[in-house]
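The chain contents come next:
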Amino acid sequence: MCNPGVQPGYNGCEPFRKKLPMSTAPLDPRYPIGPYSPPAVITASHRAIWLHEIREFPGEFRATAKAANLDLCYRAGGWTGRQLVHHVADSHMNAYIRFKLALTEDAPLIKPYNETLWAELADTKATAVEVSLALLENLHIRWVHLLEAMTDADWKRTFRHPEIGEIDLSYTVGLYAWHGLHHLAQLGLIRK
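Note that the coordinates shown come from a computational prediction; the quantities given were computed from them, not determined experimentally.

Caption draft 1: Examining helix H1 (residues 44-66) more closely. In this model H1 runs 34 Å from its N-terminal to its C-terminal C-alpha over 23 residues, within 8% of the 33 Å that 1.5 Å per residue would give. If you look at H1, its biggest bend is around 45°, right at Phe57, and the proline Pro58 turns up within four residues after that. Every buried residue of H1 is listed here: His46, Arg47, Trp50, Leu51, Glu53, Ile54, Phe57, Pro58, Phe61, Thr64 and Ala65. Contact partners of the buried residues in H1: helix H2 (81-104), helix H5 (129-148), helix H6 (152-155) and helix H7 (169-188).

Caption draft 2: Layout of empty space enclosed by the protein. Evaluation of the coordinates by the stated rule reveals one cavity of 30 Å³ or more. By volume, the largest cavity is sized at about 30 Å³. Every residue lining the largest cavity is listed: Glu53, Ile54, Phe57, His92, His140, Tyr176, Ala177, Gly180 and Leu181. Counting only elements with at least two residues in the lining of the largest cavity, the list comes to H1 and H7. At four residues, the largest contribution of residues to the lining of the largest cavity is made by H7. Its residues assigned to classes, the lining of the largest cavity comprises five nonpolar, three polar and one charged.

Caption draft 3: Geometry of the layout of surface pockets. Put simply, the largest pocket is a space of about 780 Å³. Around the largest pocket, the lining is made up of 28 residues, and of these His87, Ser91, Glu115, Trp178 and His179 lie nearest the centre. Elements with a minimum of two residues in the lining of the largest pocket: H2, helix H3 (115-118), strand S1 (158-161) and H7. Take the lining of the largest pocket: its biggest share by element is nine residues, from H7. Looking at the lining of the largest pocket residue by residue, the class counts come to twelve nonpolar, eleven polar and five charged.

Caption draft 4: How the structure looks around H7. With 20 residues, H7 extends 28 Å from end C-alpha to end C-alpha; this agrees with the ideal 28 Å at 1.5 Å per step. Sitting at the head of H7, Asp168 places a side-chain oxygen 3.1 Å from the backbone nitrogen of Ser170.

Caption draft 5: The arrangement of the pattern of salt bridges in detail. Summed over the entire model, instances satisfying the criterion amount to eight salt bridges. Across the pair Asp28 and Arg30 runs a salt bridge whose closest N-O atoms are separated by 2.9 Å. Taken together, the salt bridges that share partners define one network made up of Arg62, Glu130 and Glu137.

Caption draft 6: Molecular detail of a nonpolar patch on the surface. Together, Leu117, Trp118 and Leu121 give the surface a local cluster of nonpolar side chains, amounting to about 290 Å² of exposed area. Mapped onto the elements, Trp118 comes out in helix H3. In this structure Trp118 comes out as partly exposed when scored by relative accessible area, which is 31%.

Caption draft 7: Expanded view of unusual backbone geometry. Phi angles above zero are rare outside glycine, and Ala107 is one such case at about 45°. Checked against the element boundaries, Ala107 lands in the loop between H2 and H3.

Caption draft 8: Inspection of the environment of His87 at higher detail. Here His87 lies in helix H2. Taking C-alpha positions, His87 is 6.3 Å from Ala119, a pair spaced 32 residues apart along the chain.

Caption draft 9: Quick look at the nonpolar core. Membership of the largest hydrophobic core comes to 43 residues, with the highest contact counts inside it found for Phe61, Leu147 and Leu187. If you list the elements that add at least two residues to this core, you get H1, H2, H5 and H7. By residue number, the principal contributor to this core is H7, which donates nine residues. Sequence-distant contacts of Leu147, that is, excluding residues within four places in its chain, are made with Leu51, Ile54, Phe99, Trp155 and Val173.

Thresholds, definitions, all that
- Residues numbered from 1 in each chain as written.
- Predicted model: local features only at pLDDT ≥ 70, side-chain atom pairs only at ≥ 80, totals over all residues.
- Heavy atoms only, no water.
- Helix = DSSP H or I, 4+ residues; strand = E, 2+ residues; numbered from the N terminus.
- Expected span 1.5 Å × (residues − 1).
- Bend = angle between axes of the 7 residues up to and from the residue.
- Buried < 20%, exposed > 50% of the residue type's maximum accessible area, 1.4 Å probe, protein only.
- Contact = heavy atoms within 4.5 Å.
- 1 Å grid on protein atoms, 1.4 Å probe; cavity = no way out; pocket = protein on both sides within 12 Å on 5 of 7 lines; lining within 4 Å.
- Points joined across faces, edges and corners; volume = space filled by probe spheres on them.
- Nonpolar A, V, L, I, M, F, W, Y, C, P; charged D, E, K, R; others polar.
- Polar contact = N/O pair within 3.5 Å; in protein donor to acceptor, adjacent residues only side chain to side chain.
- Salt bridge = Lys/Arg side-chain N within 4 Å of Asp/Glu carboxyl O.
- Patch = residues over 30% accessible without salt bridge, like charges linked within 9 Å, V, L, I, M, F, W, Y side chains within 5 Å.
- Areas by Shrake-Rupley, 256 points an atom, 1.4 Å probe, with all protein chains shown as cover.
- Core = buried A, V, L, I, M, F, W, Y, C linked by side-chain atoms within 4.5 Å.

Structure, rendered in structure tokens:
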């Protein structure tokens with residue numbers, strides 16, 4: 001099922017709690033669960049795990065945000081907890097739209113965005129995090145409905161990123177399962 005050759009890093013083959021580093025080496029707060037490193041061959045079992053993580057993520061993220069000091073940065077030079085919460089909402093909205101584009105067009109060219117500049121915009125600074133947490137909960141309900149209805153052929157559909165190239169939806173669902181857990185772990189570093 002899982003390809004052990006892709007360790008270290010998150011590949012969605014084990015529950016998130018088991019992915020926390022157990023070594024005495026210092027934790028890299030930029031990647032507390034490791035980088036995304038998908039299995040060489042992505043199976044329906046991998047996708048099922050990733051869908052479960054995407055389904056459960058908003059509740060875990062809300063609980064962690066509630067326990068975090070959102071005015072602190074998770075690392076020197078990093079974003080505040082508040083910026084993390086708004087970033088995840090921005091990112092997952094973009095992911096959802098990319099899925100819909102890939103499912104309705106042939107290899108559409110997507111538009112990347114500058115997440116660093118987005119994190120500095122007025123809506124990120126002035127909007128209560130509750131707005132983005134509620135947005136994530138509702139967005140993930142729709143996204144999971146879409147993901148659960150996808151066929152094997154749908155998972156092979158692609159979009160084109162102008163800098164990275166063609167990316168299929170199987171790879172992308174794993175990337176966003178990792179993305180949520182990646183920022184969940186970062187937010188956990190600034191618990192009250």
